[in-house]
Amino acid sequence: MAHLRALANSHYRADVRMKGIVKIKTFPSQALAQTWADKIEYSIKNIPQMSHAQLLALSDADVQSMGG
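Residues numbered from 1 in each chain as written. Predicted model: local features only at pLDDT ≥ 70, side-chain atom pairs only at ≥ 80, totals over all residues. Heavy atoms only, no water.

1. Quick notes on the overall build of the chain
Along the chain, the regular secondary structure elements total 3 helices and 3 strands. Reading the chain from its N end, one meets helices and strands in the order β-β-β-α-α-α. The dimensions of the chain, computed from C-alpha atoms along their principal axes, are 40 × 20 × 20 Å. Among the 68 residues that make up the chain, the fraction classed as buried is 28%. Taking the intrachain contacts of the chain between residues at least 6 apart in sequence as the baseline, contacts between residues at least 24 apart amount to 33%. Of the roughly 4300 Å² of accessible surface on the chain, 54% is carried by carbon and sulfur atoms. A distance of 3 Å separates the average location of the 8 positive side-chain charges in the chain from that of its 5 negative side-chain charges. (Helix = DSSP H or I, 4+ residues; strand = E, 2+ residues; numbered from the N terminus. Buried < 20%, exposed > 50% of the residue type's maximum accessible area, 1.4 Å probe, protein only. Contact = heavy atoms within 4.5 Å. Areas by Shrake-Rupley, 256 points an atom, 1.4 Å probe, with all protein chains shown as cover. Lys, Arg positive; Asp, Glu negative; His and termini not counted. Charge placed at Lys NZ, Arg CZ, Asp CG, Glu CD.)

Now the structure itself:
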């Protein structure tokens with residue numbers, strides 16, 4: 001599950017940590033942060049069986065393209 005945190009500059013930081021993959025990104029609104037986090041989590045859940053090293057090497061674009 002993603003963790004959303006409000007920042008001092010009124011932006012939001014989304015942290016996604018699943019299956020050894022850590023993705024962090026900052027957004028101007030909570031809704032954008034939640035939408036991004038949901039997409040990343042969905043994509044990570046749908047990745048075919050890969051080694052831990054392969055998972056860690058994936059970029060955001062790789063994760064999204066593999067998860068649909």
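2. Looking at the nonpolar core
Counting 14 residues, the largest nonpolar core has Ala 14, Val 16, Trp 36, Ile 44 and Ile 47 as its most contacted members. Secondary structure elements with two or more residues in this core: β2 (12–18), β3 (21–27) and α1 (30–45). Broken down by element, the residue count for this core peaks at 5 residues, all from α1. Here Ala 14 is in contact with His 3, Leu 4, Lys 23, Ile 24, Lys 25, Phe 27, Ala 33, Trp 36 and Ala 37, once residues within four sequence places are set aside. (Core = buried A, V, L, I, M, F, W, Y, C linked by side-chain atoms within 4.5 Å.)

3. Let's talk about the pairing of strand β1 (residues 3–6)
Pairing between β1 and β2: 4 bridges, direction antiparallel. Bridging from a neighbouring strand, His 3 pairs with Asp 15 of β2. What sits between β1 and β2 in their antiparallel hairpin is a turn of 5 residues, with Ser 10 showing a positive phi close to 70°. (Pairing = 2+ DSSP bridges.)

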